[in-house]
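# Structure at a glance
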Amino acid sequence: MERMLIENYMQQLVERYPDLESCTSDIIAAFQLCANTFHLSGKMLLCGNGGSASDCDHIAGELMKGFLSKRPVPVSFRGSLVKAWNEQEGAYLADHLQQALPAISLTNHAALITAYANDVEPEMIFAQQVYGYGKKGDVLLALSTSGNSANILRAVQTARAIGMSTIGLTGKQAGRLKELCDVTIRVPWERTPDIQERHLPIYHILCTMLEREFFG
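Quick caveat: nothing in here was measured; it's all calculated off a predicted structure. Per chain, residues are indexed from 1 in the order of the written sequence. In keeping with the model being predicted, local features are shown solely for residues with a pLDDT of at least 70 and side-chain atom pairs are shown and tallied solely at 80 or more, while totals for entire chains, interfaces and linings include all residues. Note: side-chain values were computed over all heavy atoms of the structure, leaving out hydrogens and water.

## A few points about the overall build of the protein
Which entries qualify depends on this criterion: Secondary structure elements are taken from DSSP: a helix is a run of H or I of four residues or more, a strand is a run of E of two residues or more, and numbering for both begins at the N terminus. Just to be clear, the radius of gyration here is over C-alpha atoms, and the globule rule we use is 2.2 Å times residues to the power 0.38. Accessible area is worked out with a 1.4 Å probe on protein chains only. A residue is then buried under 20% of its type maximum, exposed over 50%, and partly exposed in between. Two residues qualify as a contact provided that any one of their heavy atoms is within 4.5 Å of a heavy atom in the partner residue. Values of accessible area rely on a 1.4 Å probe in the Shrake-Rupley scheme; residue burial ignores everything except the protein chains shown.
Per the secondary structure count, the protein includes 10 helices and 5 strands. The C-alpha atoms of the protein give 18 Å as radius of gyration, which agrees with the globular expectation for 216 residues (17 Å, within 12%). Taken over the C-alpha atoms alone, the protein extends approximately 55 × 50 × 30 Å along its principal axes. Among the 216 residues that make up the protein, the fraction classed as buried is 46%. Taking as baseline every contact in the protein between residues at least 6 positions apart, the subset at least 24 positions apart corresponds to 70%. For the protein, the computed accessible surface area is about 10,900 Å², with 52% contributed by carbon and sulfur atoms.

Laid out in structure tokens, this is it:
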């Protein structure tokens, strides 16, 4: 994406949320890491606790379907659908599928998470999934308002060992997360609800920029 367009997005963000001006360089760096991952056919893994777990689901939802654009499937894939089935079925499938940026929220796998917490180690519920799903070149987006959530830090450690890129989304203090991640976006607030309220516009602008990058 052209630098001028990226700067325009940052300007729009800061106009609405002036307190996030200090985050813009890290947001740009996070966008570039994510874009590199998706350009190389990698995927995003996401982890967080509590409200941040819901944010992970939200982000995955914006990436896996149309956000601000409809993202129709390529003409070539429409042809493949028609060839695999028939004109009517193929057209239906093509009309109701959308292009996606592959993203997996690690917060929703209740059976796996509860089994691992009970049978092995609660700190490792996300790290185990990173180990199972993650590949070199993928990206982990880790949300922790304190920056010290043990299960988030273990996930980041595992991702780094695999060769994944790591992005932290946290608060002013940032905790240990800032030491472990390739990029750490630190919103300038300390109370959990204040931090979480600023995380939403940040990941919305990231999703907007990624959609523009890949789908126009």
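Read on, since the account is not over.
## Focus: the UniProt feature "domain: SIS" (unreviewed entry) in the protein
Put simply, the rule reads: UniProt positions are given in the numbering used here, feature names are shortened, and annotations may be inferred rather than shown by experiment.
Per the UniProt record, the feature "domain: SIS" (unreviewed entry) sits at residues 34–216. Regarding residues 34–216, the helix share stands at 55% and the strand share at 12%, and the terminal C-alpha atoms are separated by 16 Å.

## Some points on the packing of aromatic side chains
Which entries qualify depends on this criterion: Here a Phe, Tyr or Trp ring, Trp counted by its six-membered ring, pairs with any other such ring whose centre lies within 6.5 Å, and the pair is stacked when the planes are under 30 degrees apart, edge-to-face when over 60, and tilted otherwise. Any Lys NZ or Arg CZ that is within 6 Å of a ring centre and within 35 degrees of that ring's normal is treated as a charge sitting over the ring.
Per the counting criterion, the structure on display carries 1 aromatic pair. Judged by centre distance (6.1 Å) and plane angle (90°), the ring pair of phenylalanine 38 and phenylalanine 214 falls under edge-to-face. Here phenylalanine 214 lies in helix α10 (residues 192–215) and phenylalanine 38 lies in helix α2 (residues 24–39), a separation of 176 residues in the sequence. When its relative accessible area of 8% is taken as the criterion, phenylalanine 38 is described as buried. Residue phenylalanine 214 is classed as partly exposed on the basis of its relative accessible area of 24%. Of note, arginine 198 hangs over the ring of tryptophan 189, and the distance from its end group to the ring centre comes to 4.0 Å.

## Comments concerning the pattern of salt bridges
Convention followed: Here a salt bridge means any side-chain nitrogen of Lys or Arg lying within 4 Å of a carboxyl oxygen belonging to Asp or Glu.
For the structure shown, the criterion picks out 9 salt bridges. Between glutamate 7 and arginine 3 there is a salt bridge, with its nearest N and O atoms 3.4 Å apart. Here glutamate 7 pairs with arginine 3, and both are found in helix α1 (residues 3–16), just 4 residues apart, close to one helical turn. With a closest N to O distance of 3.0 Å, arginine 198 and aspartate 19 form a salt bridge. Residue arginine 198 is located in helix α10, and its partner aspartate 19 is located in the loop between α1 and α2; the two are separated by 179 residues in the primary sequence. Arginine 198 sits in the buried class, given a relative accessible area of 15%. Each of Asp19, Glu197 and Arg198 takes part in salt bridges that share partners, so that together they form one network.

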